[in-house]
Every structure is written in structure tokens, then in C-alpha cells.
Amino acid sequence: MKNRYFIKAYGCQMNLYEAGVVSAIMDQAGFEQTESETDADIIYLITCSVRNHAEQRALGRFNYFKGMKKDKPGLIIGILGCMAQSYKDKLNTEHGADIVAGPDQYRILPELINTFQQTQIPQNATSFSCENYEGIMPRNKSKTTGFISIMRGCNNYCTYCIVPYVRGRERSKSLDQIIKEAEILVQSGVQDITLVGQNVLAWRQDNLDFLDLIKAVDKLDGYTRLRFITSHPKDLTQRHIQTFASLKKFCAHIHLPIQSGSDRILQLMNRGYTCAEYIEKVETARKIIPELSFTTDILVGFPSETEADFQKTIWVIKQLQFDFAYMFRYSERPYTKSRDLNDKVPEQTRRQRLTDLIQTQNQITARKSSELLGRQMQVLVESKNGTQAYARTRTNKIVIIKEPVKTGQTYLCQIDKIVGWTPIGKILETIKQEEVL
Ligand code: SAH
Ligand code: SF4
Ligand code: F3S
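Residues numbered from 1 in each chain as written. Chains lettered and ligands numbered in written order. Predicted model: local features only at pLDDT ≥ 70, side-chain atom pairs only at ≥ 80, totals over all residues. Heavy atoms only, no water.

S.K.: I tried to follow the nonpolar core on my own but got confused; where do I start?
M.R.: In terms of nonpolar packing, the biggest core is built from 67 residues, with Ile150, Ile193, Leu195, Phe210 and Phe244 touching the most fellow members. Of the residues forming this core, the biggest block, six residues, is contributed by helix α7 (residues 175-187). Not counting residues within four places of it along the chain, the set of residues in contact with Phe244 comprises Phe210, Leu211, Ile214, Phe228, Leu236, Phe250, Ile254 and Ile289. The next biggest cluster of nonpolar side chains, apart from the first, holds 25 residues, and it includes Phe31, Ile46, Ile76 and Ala125. (Core = buried A, V, L, I, M, F, W, Y, C linked by side-chain atoms within 4.5 Å. Buried < 20%, exposed > 50% of the residue type's maximum accessible area, 1.4 Å probe, protein only. Helix = DSSP H or I, 4+ residues; strand = E, 2+ residues; numbered from the N terminus. Contact = heavy atoms within 4.5 Å.)

S.K.: Quick question: what am I supposed to make of the environment of Met26 here?
M.R.: Secondary-structure assignment places Met26 in helix α1 (residues 13-28). Between the alpha carbons of Met26 and Lys72 there is a distance of 21 Å; along the sequence they are 46 residues apart. Excluding anything up to four places from it in sequence, Met26 contacts Tyr5, Phe31, Ile42, Tyr44, Leu109, Pro110 and Ile113.

S.K.: Please explain the layout of surface pockets as it appears in this structure.
M.R.: Rolling a probe over the atoms, with the probe sized like a water molecule, indicates the empty space that remains. In this structure, the second largest pocket encloses a volume near 600 Å³. Lining the second largest pocket are 25 residues, with Ala252, Glu291, Leu292, Arg375 and Thr395 positioned closest to its centre. If you list the elements that add at least two residues to the lining of the second largest pocket, you get α9 (238-246) and β17 (376-385). Per-element tally for the lining of the second largest pocket: the top contributor is β17, with three residues. Taken together, the residues that form the lining of the second largest pocket break down as eleven nonpolar, five polar and nine charged. Of the domains in this structure, domain 2 (145-370) and domain 3 (376-435) are the two that each give at least three residues to the lining of the second largest pocket. (1 Å grid on protein atoms, 1.4 Å probe; cavity = no way out; pocket = protein on both sides within 12 Å on 5 of 7 lines; lining within 4 Å. Points joined across faces, edges and corners; volume = space filled by probe spheres on them. Nonpolar A, V, L, I, M, F, W, Y, C, P; charged D, E, K, R; others polar. Domains from an automatic or database assignment.)

What follows is the structure in C-alpha cells.
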């Protein structure tokens, strides 16, 4: 029987999480996951549409997998995720995918595979539903860290962004299901739980909000670290920060995408805050939780962005000194409102601005890293590669350890070297779970 499947996931945390959902659904139907693409009878590509480049990469990988059919004629290739939702049956008709399933259609993957095996007719399932995958306990690969998707979709409609069109309306997963998933992660030994969603602060269930949810997850015993990603600046208030400060397991890091330092551009992007409001939120948060680290996303070259707008972005990143930033140049996306804006920034200018921005932020990131030198901090070992181990601070910084350590264990270490931006830690002692800070 042809039943081994291989999954390759691109894109954001949602896709990584949903790779585990797909595994759980396939396993329940009697299929079996393989970590080797050459062993597989079925290959699933979980794709991202956020930028053109992401799509081109996925298509490149798809064509490579299609090439494998020469030696393995029965190989089934499925395209899942956001590109499936955006391209719909074009992926069957123009690209030759056997299975195309949007993010709301993973429950019927086993049926799609069976029908395809019987009929050889390409299958397409790309309608929206209000699917939340309640009742499915996704497979989690790591023994140390785990994600829980707490909501799906997005209602914010930032004018550059395809996500609301490929993921549908915002919907929150039930508190019960989230707690069940957390308990299962903890039972498997996970120490670090991240709640994920496109805008986690918008989570709701009846009269409960995100703060009720995070307090409930924080109360569970048996694990030590609680994170969330992503929060939208317009929804972050002082009340949130005060609550985070009172939680036992909250890790002092917030990813808060700023996108631009120009109010005119922020308004055209439909972001719902001004640069000054954003600065105030970060400064207030740092007063309440001094060790809090901030990371951000920045987008340059949005239609009509002038050099003066861009310089405001440079100014604000110097002002706020983010610990790290993901930086992108604007990529025009189907369905989005920004496609109709005039005054597109030439590709060459977008590239140049991105280069300048990266240069500026790199200096900040390097300086922030160098501040860690000599400090003692608790780190959780997440993975190992040969003699090197990768550990994380509560502030979300990776520390490399070159001594024998145990994955899943917390240690007190001293940062005694910085290579590039990467801190290298020397182990001082092993920390018992009840003593983890
Ligand atoms: N929900 C998250 C972001 C999801 S997309 C949020 O609201 O912050 C991740 C990042 O990709 C965005 O923050 C943005 O910086 C970038 N991005 C989104 N659309 C883009 C586009 N059309 N071109 C370039 N970058 C884009
Ligand atoms: Fe996209 Fe904005 Fe929603 Fe984030 S909040 S997913 S950037 S529309
Ligand atoms: Fe990409 Fe879809 Fe996430 S477009 S960023 S994989 S929600």
C-alpha cells in the first residue's frame, strides 16, 4: 500500500504548526510520515504567499519534486497552504499538482488522496470554512518547544498583505482545546510553549480575552516558558504589559511589527497607529519590564514611500534599538488594496533602501548582542548539532554552548564570547525545574 507521506513546510509559524495538524489527520487515516523525501509516496508542500519570492521558492521546490516522478511514476504531490488558497485550481491545471488543498481543507486530505489514487483525477479543495481544527492534537516534533495556534485568519486588512485573503476571517480556538493542547505538550516534556496566530491579542471567547487565556495557560504546571507571536501594535496596551509582568512563565520578549516610521505610510498601510503611539507603547513597556526585548518587522518601498518617509523609518529604528528585525522590500500581492495605489517605488530604490536599512539594523543588533558579554543568564537547550548546542534565553536570544549538555534542560551560563552576533555561553550550573526564572 502506498501510504508514506513527507511534508515540507514554508512560511510562518502557522504553517509549521499546521504541518503537525496535517500529520495528525494523515496518521489517523492510516498513513505514515517519513522524514525522507525519497522514501515518500506522497509529498505535501505547505506554502506561503506573503511575498512573490516565497511563492517562487515553493514552486521551485515543487518542480524539483515533480522531477522525481520520472523515477517514481506513482508519486503524488500536493500543494497545501496559502498558495493553494490563492492560486486555486491553476495549481492543478497550469502547474500539474495532483492535490491542491487550502488551509481550511486539511481534514479531507485522506479522502483527496484516496480519490486521486482511484481516479487519477487531480483534486482541488480550496473553499473557506470557519475551520479551527478543534479536536485535533497536532504532532509536535520537538521534545522541548511547542506551538499552539490559538486563532486563525486575520481581519486587519493591512493594505499590502495577502493573509486575510488566503486565511479568511479571524476565528479563535476554544480555551478548552488550547488548554488540552498545552497539557499534551507538557506531558511530552515540552518546556517552552508559544501561542501563535496572526494577531494573538485579538483572541476572544465570549467575555474572555487574550489576557484571560494567557493567564490560564500560565497557571498550568510542568513547564517553564510561555511566549506568543504575533501581536499587533494597535491592540497592545499598558494593561497587557502589566499582566505579562505578573505571569510566572512569560518570557520577556515581544515581537511587535512596526512596518514603517512614517505616519503617512502607516496610514496608507491601514495599520491603525502612528509612529509616536508605537514609540510610546515600547517605552512604557520597557519601564514596566526593563529586561523586555523587542523584535519587529519592517517593510520598505511601499507605494509612494519617499526618501523622507524612509528616513523616518531609519530614525525610529535607531531610536527604539530593536533586538532584531525581519526586514522586507514591498512585494505587490494579488487581492490587496495597495495594488491600486499609484506611485510605485522603483525596484532598484526598494533594493537600495532595504540594503541601507539592513546595514543600520545590523549595527544595532550587533551592539545589543555585545551587551550580553560577561552576563550570567538562564538558557534552555533546544537542540544539538554535533558538539554544539543551541540554547535560548527568556529574551529570545540564541546562545551557543560548546560543552556536553542535555536537550530540554535549563542551565545558568555566562556569556564569555560573542562571535558575529552570536553569544557563546559557558555553563555554570544546572537549574532544577522549580528554580527556573
Ligand atoms: N500578522 C503579522 C505579520 C504577518 S506577515 C503582523 O501583523 O505583524 C509577516 C511580515 O511580512 C509582515 O509583518 C510584513 O512586514 C511582511 N509582509 C507582508 N506583506 C508583505 C508584502 N506584500 N511585501 C513585503 N513584505 C510583506
Ligand atoms: Fe497581514 Fe496585517 Fe493581518 Fe498581519 S495584521 S496578517 S500584516 S493583514
Ligand atoms: Fe505566509 Fe500564509 Fe503565514 S501567506 S506568512 S504562510 S499565513
